[in-house]
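Survey of secondary and tertiary structure
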Amino acid sequence: TSMVAVPLMGVVHPWQTVFFVIGLPGLAVAALALTMPEPERTAGDRALAQVPIPQVIAYLRRNARTMIALSVGFMCSASVNWGMGFWLISFFTRTHGWSVEKAATLQGTLTALLGPIGVVFGGWLVDRFAKRGMIDAPLRVGIFGAAGMLVFAGLYPTLSSGTAAAWVLVPVNIFAAMPWGAANVAIAEAMPSRMRGQGGAVFQLILGLSGGIGPTAVALVTDKVFGDEQALRWSLMWVTIVGMSLAIAILSWGLPAYRATVAARDAARESSR
């Protein structure tokens, strides 16, 4: 395979250029961020930033069911996404005989084009549900996204045609991206405004740690359960089914607690006025 020279980066394989193309818009966004003025800090802002850690821990403990549902539920979704993303190229090369370049181009194109659509669609759904009075809208969108993944991400590994599998990956990419704006809204709504920074940091840490769970689970099922690297397709299917079923169950379990947490936060806010 001929190599490609990339300015400042050197010589790379053609399929690796996809990742540079996907990353270029991020550089533009980062440059625009430099033009954003720093907001003026008031005494009230400084007071909000000085919440003692024991108070944050006490709040998390009082709302343990809500926090567990958010953290573990969305972590299950993220783990499946990470696993699929990590092994997708190997799936196409092993199962359908595609070249690495072809599989990488497909993955990069779908992620770049459909990921943002999924995030925006998820945000739109949160707004629609919220306007109907559903204060648990972010969790409902998380459940909806996991259900879509359960169907479509559980289906594509079973198909005998690589082209058909690629087409099924269109809704997969949309449903995979759908919950992540909603997930950040969920943790922000569940925390008092003066604790949102700490709560968001813990939530993102948990999601970050989930990055190794999905890829490892797929590898273990392939090696220890099936004992055949050609069974990767079935490992992807079963990890998706189990992971997304858990996500749906845990987020559903957390719905009543989440509603109670948000209602209590609103009541505390009103009483402080």
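First, a word on scope: everything that follows refers to the structure included in this document. In this text the structure is predicted, and so the values were computed from the model without any measurement.

1. Notes on the overall build of the chain
Within the chain, the secondary structure is distributed over eleven helices and two strands. Counting from the amino terminus, the chain carries its helices and strands in the arrangement β-β-α-α-α-α-α-α-α-α-α-α-α. Considering only contacts within the chain whose residues lie at least 6 apart along the sequence, 74% involve residues at least 24 apart. When the accessible surface of the chain is split by element, carbon and sulfur atoms take 68% of a total near 14500 Å².

2. Brief notes about the pattern of salt bridges
Under the definition given, this model contains three salt bridges. Linking R259 and D136 is a salt bridge whose minimum nitrogen-to-oxygen distance equals 2.5 Å. Taken together, the residues R259 in helix α11 (residues 232-271) and D136 in the loop between α5 (100-131) and α6 (137-155) connect sequence positions 123 residues apart. Given a relative accessible area of 31%, R259 falls into the partly exposed group.

3. Overview of a nonpolar patch on the surface
On the surface, a nonpolar cluster with roughly 570 Å² of combined accessible area is contributed by V225, F226, W234, W238, V242 and L246. Going through the elements one at a time, α10 (213-226) and α11 are the ones with two or more residues in the nonpolar patch. If you tally residues by element for the nonpolar patch, the top one is α11, at four residues. Positionally, W238 belongs in helix α11. By relative accessible area, which is 44% here, W238 ends up partly exposed.

4. Description of the side chain of S71
By the secondary structure assignment, S71 is in helix α4 (residues 64-96). Classification of S71 by relative accessible area gives buried; the value is 13%. When sequence neighbours within four positions are dropped, the list of residues in contact with S71 reads F203 and I206.

5. Observations regarding the nonpolar core
Ranked by internal contacts, the top residues of the largest apolar core, which has 64 residues, are L70, F74, F92, M149 and Y156. Looking at which element gives the most residues to this core, the answer is α4, with 13 residues. Aside from chain neighbours lying at most four places away, what touches M149 is V80, N81, M84, G154, V172, F175, A176, T240 and M244.

Cut-offs used in this document
Residues numbered from 1 in each chain as written. Predicted model: local features only at pLDDT ≥ 70, side-chain atom pairs only at ≥ 80, totals over all residues. Heavy atoms only, no water. Helix = DSSP H or I, 4+ residues; strand = E, 2+ residues; numbered from the N terminus. Contact = heavy atoms within 4.5 Å. Areas by Shrake-Rupley, 256 points an atom, 1.4 Å probe, with all protein chains shown as cover. Salt bridge = Lys/Arg side-chain N within 4 Å of Asp/Glu carboxyl O. Buried < 20%, exposed > 50% of the residue type's maximum accessible area, 1.4 Å probe, protein only. Patch = residues over 30% accessible without salt bridge, like charges linked within 9 Å, V, L, I, M, F, W, Y side chains within 5 Å. Core = buried A, V, L, I, M, F, W, Y, C linked by side-chain atoms within 4.5 Å.

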